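Each chain is listed here by its residues.
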Amino acid sequence: MVNNIVVAVNESEESIRACEWACNHLLAAQSYTMTLIHVQPVTSSVSAGPAYILSDEVIQLLEFDTKRTTQRILSRALHICDRYGVKAETHVVIGEAKKKICEAAAKLGAHLLVVGSHGRTSFIRAIWGSVSDYCARNATCPVVVINRKAF
């Protein structure tokens, strides 16, 4: 029985669709918990490059902006859950999204992981990588990948 669902959310419309899909289609699993997970990038990974050293003030501004963005994303996802009458918890981790989503899903004891997909071609996925592909191959639970056509 699926009773612990983890939904990965970020700034993309695809992840918001995945959240909405989970709320809309998984209500039949009467007693389940939903956790919205967001992965923040490591602040140093958004620096100006290896030739630049950022001041403490700039790093603090980047961290503040990252936290504000995270709050906005989670607030939007929680609003969707509220619309469907779904009570959801939030979980924030820092690092590389694809790895941290899988790690957090395992740590949270997820029975199902829901992620969005941009629907990129295999060539672009090979160059940029794909969070949903990585999760489908590496998560310790079943993964539902929601693409643009699903909603």
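Higher on the page you've got the structure.
Residues numbered from 1 in each chain as written. Predicted model: local features only at pLDDT ≥ 70, side-chain atom pairs only at ≥ 80, totals over all residues. Heavy atoms only, no water.

Draft legend 1. The overall build of the chain, seen in detail. Within the chain one finds 5 helices and 5 strands. Along the chain, from the amino end to the carboxyl end, the secondary structure elements read β-α-β-α-β-α-β-α-α-β. The buried share among the 151 residues of the chain stands at 36%. The long-range share in the chain, meaning contacts at least 24 apart out of those at least 6 apart in sequence, stands at 80%. (Helix = DSSP H or I, 4+ residues; strand = E, 2+ residues; numbered from the N terminus. Buried < 20%, exposed > 50% of the residue type's maximum accessible area, 1.4 Å probe, protein only. Contact = heavy atoms within 4.5 Å.)

Draft legend 2. Fine view of the side chain of Ser130. Tracing the sequence through the fold places Ser130 in the loop between α4 (122-128) and α5 (131-138). Polar side-chain contacts of Ser130 include one of 3.1 Å to the backbone nitrogen of Asp133. (Polar contact = N/O pair within 3.5 Å; in protein donor to acceptor, adjacent residues only side chain to side chain.)

Draft legend 3. Here's a closer look at the environment of Val143. On the secondary structure map, Val143 appears in strand β5 (residues 143-146). Each C-alpha atom, one on Val143 and one on Val115, is 7.4 Å from the other, the two residues being 28 residues apart in sequence. Those residues in contact with Val143 that sit more than four places away from it in its chain are Leu113, Val115, Cys135 and Ala136.

Draft legend 4. Region of the structure containing the environment of Arg17. Structurally, Arg17 can be placed in helix α1 (residues 13-25). Along the sequence, Arg17 and Arg148 sit 131 residues apart, while their C-alpha atoms lie 7.9 Å from each other.

Draft legend 5. Representation of the pattern of salt bridges in the model. Per the counting criterion, the structure on display carries 7 salt bridges. Across the pair Arg83 and Glu20 runs a salt bridge whose closest N-O atoms are separated by 2.7 Å. In this pair, Arg83 is assigned in helix α2 (residues 56-83) and Glu20 in helix α1, connecting sequence segments 63 residues apart. Salt-bridge contacts for Lys99 lead to Glu96; the nearest nitrogen and oxygen are separated by 3.7 Å. Among the residues examined, Glu96 registers a relative accessible area of 41% and is labelled partly exposed. (Salt bridge = Lys/Arg side-chain N within 4 Å of Asp/Glu carboxyl O.)

Draft legend 6. Local environment of the sheet that holds strand β1 (residues 4-8). The strand order β3-β2-β1-β4-β5 describes an open sheet built from 5 strands, whose pairing is parallel. Among the strands making up the open sheet, the edge pair consists of β3 (88-94) and β5. Strand after strand, the sheet turns through a mean of 25° between neighbouring axes, direction not considered. Note: β1 against strand β4 (residues 112-116), 3 bridges, orientation parallel. Paired with Val6 across the two strands is Leu113, which belongs to β4. The strands touched by helix α3 (residues 97-107) are β1, β2 (33-40), β3 and β4; relative to β2, the strand with the most contacts, the crossing angle is about 150°. Sitting on the sheet, α5 touches β4 and β5, and the angle it makes with β4 is about 165°. (Pairing = 2+ DSSP bridges. Axes fitted to C-alpha atoms, helices over the stretch in contact; angles between N-to-C directions.)

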